[in-house]
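# Observations on chain architecture
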Amino acid sequence: MVEKDVIAMGSGLTLIQRVAICFAAGVMGGLAVVLFSHVLFELGLSAKLGVEAPVSLKAPDVYRPLFWAGLWGIPFGLLIKTVWSRLYLFGLLYFLAPVLALFTIFLPMSGAGFFGLEHGGPKFTVYLLLVNLPFGIITALVARAIIGKKP
């Protein structure tokens, strides 16, 4: 049955395989964001932008951002075959999708207002853009490393 799916898709991977790979790649992208928050904290940029502490590395706190990053890897997997020729550019820009959801849905729901402006003002918004920047490119790099030459 799997062989028929592969032949029908006209490529080496089925859609569900690409989605599963990109879920895992998204988790790795999320890990990059968590670690980058620690880098920004150590460099003192977090404090200048109004953030007092990096994302916790302790369980269970670290699991939520990793799981959400994996979920954001799913649409990446749905699109990866289409954008394969410009995968790294797409990955670089893809971080804007979860950040836009953060700015317009999740932050207002948590009481921080749109773009987090009620939490820390424009500095906090800049911090969120900066800290999430590695997500898309790391997701693309990991997906490419796992998939190989052709999705």
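A brief report on the enclosed structure follows. (Residues numbered from 1 in each chain as written. Predicted model: local features only at pLDDT ≥ 70, side-chain atom pairs only at ≥ 80, totals over all residues. Heavy atoms only, no water.)

## As for the overall build of the protein chain
A count of helices and strands for the protein chain gives 8 helices and 0 strands. Along the chain direction, N to C, the helices and strands of the protein chain fall in the order α-α-α-α-α-α-α-α. Seen along its three principal axes, the alpha-carbon backbone of the protein chain occupies a region of about 55 × 30 × 30 Å. Counting every position in the protein chain, which comprises 151 residues, the buried fraction comes to 38%. Carbon and sulfur atoms make up 72% of the accessible area of the protein chain, which totals about 8700 Å². One way to put it: in the protein chain the 11 positive side-chain charges average out to a point 13 Å from where the 6 negative ones average out. (Helix = DSSP H or I, 4+ residues; strand = E, 2+ residues; numbered from the N terminus. Buried < 20%, exposed > 50% of the residue type's maximum accessible area, 1.4 Å probe, protein only. Areas by Shrake-Rupley, 256 points an atom, 1.4 Å probe, with all protein chains shown as cover. Lys, Arg positive; Asp, Glu negative; His and termini not counted. Charge placed at Lys NZ, Arg CZ, Asp CG, Glu CD.)

## As for the packing of aromatic side chains
Under the counting rule described, the total for this entry stands at 7 aromatic pairs. The interplanar angle of 65° and the centroid separation of 5.4 Å between the aromatic rings of Trp68 and Phe106 together place this pair among those described as edge-to-face. Within this pair, whereas Trp68 is found in helix H4 (residues 63-79), its partner Phe106 is found in helix H6 (residues 96-110), the two being separated by 38 residues in sequence. Judged by its relative accessible area of 33%, Phe106 falls in the partly exposed class. Linked through ring pairs, Phe76, Phe90, Tyr94 and Phe135 together constitute an aromatic cluster. (Phe/Tyr/Trp six-rings, centres within 6.5 Å; stacked < 30°, edge-to-face > 60°.)

## Topic: the nonpolar core
Core analysis: the biggest nonpolar cluster contains 28 residues, and Phe76, Ile80, Leu87 and Tyr127 have the highest contact counts within it. Within the residue set of this core, elements represented by two or more residues are helix H2 (15-43), H4, helix H5 (87-94), H6, helix H7 (117-132) and helix H8 (134-147). If you tally residues by element for this core, the top one is H2, at 5 residues. Ignoring sequence-local partners within four residues, the contact set of Phe76 consists of Cys22, Leu87, Phe90, Gly91, Tyr94, Gly136, Thr139, Ala140 and Ala143. (Core = buried A, V, L, I, M, F, W, Y, C linked by side-chain atoms within 4.5 Å. Contact = heavy atoms within 4.5 Å.)

## A word on the packing of H2 against H4
Direction vectors running N to C along H2 and H4 enclose 140°, while the axes themselves pass 6 Å from each other. Here H2 is positioned oblique relative to H4, judged by the angle of their axes. The chirality of how H2 crosses H4 is right-handed. Along its contact with H2, which presents Leu15, Arg18, Val19, Cys22, Phe23, Gly26, Val27, Gly30, Leu31 and Val34, the element H4 presents Pro65, Leu66, Phe67, Ala69, Gly70, Leu71, Gly73, Ile74, Phe76, Gly77 and Leu78. (Axes fitted to C-alpha atoms, helices over the stretch in contact; angles between N-to-C directions. Parallel < 35°, antiparallel > 145°, perpendicular 65-115°, else oblique. Left-handed = near helix turned anticlockwise from the far one by under 90°.)

## Quick notes on a nonpolar patch on the surface
Together, Leu89, Leu92, Leu93, Leu96, Leu129 and Leu133 line one region of the surface with nonpolar side chains, adding up to about 490 Å² of accessible area. For the nonpolar patch, the element with the highest residue contribution is H5, accounting for 3 residues. With respect to the secondary-structure elements, Leu92 resides in helix H5. (Patch = residues over 30% accessible without salt bridge, like charges linked within 9 Å, V, L, I, M, F, W, Y side chains within 5 Å. Salt bridge = Lys/Arg side-chain N within 4 Å of Asp/Glu carboxyl O.)

## Brief notes about H7
If you check H7, its first and last C-alpha atoms are just 17 Å apart, much less than what 16 residues at 1.5 Å a residue would give, namely 22 Å. Helix geometry: H7 is bent most strongly at Lys123, by close to 75°. Among the residues of H7, Gly121, Phe124, Thr125, Tyr127, Leu128, Val131 and Asn132 are the ones counted as buried. Its buried side turned inward, H7 meets H2, helix H3 (45-48), H6 and H8. (Expected span 1.5 Å × (residues − 1). Bend = angle between axes of the 7 residues up to and from the residue.)

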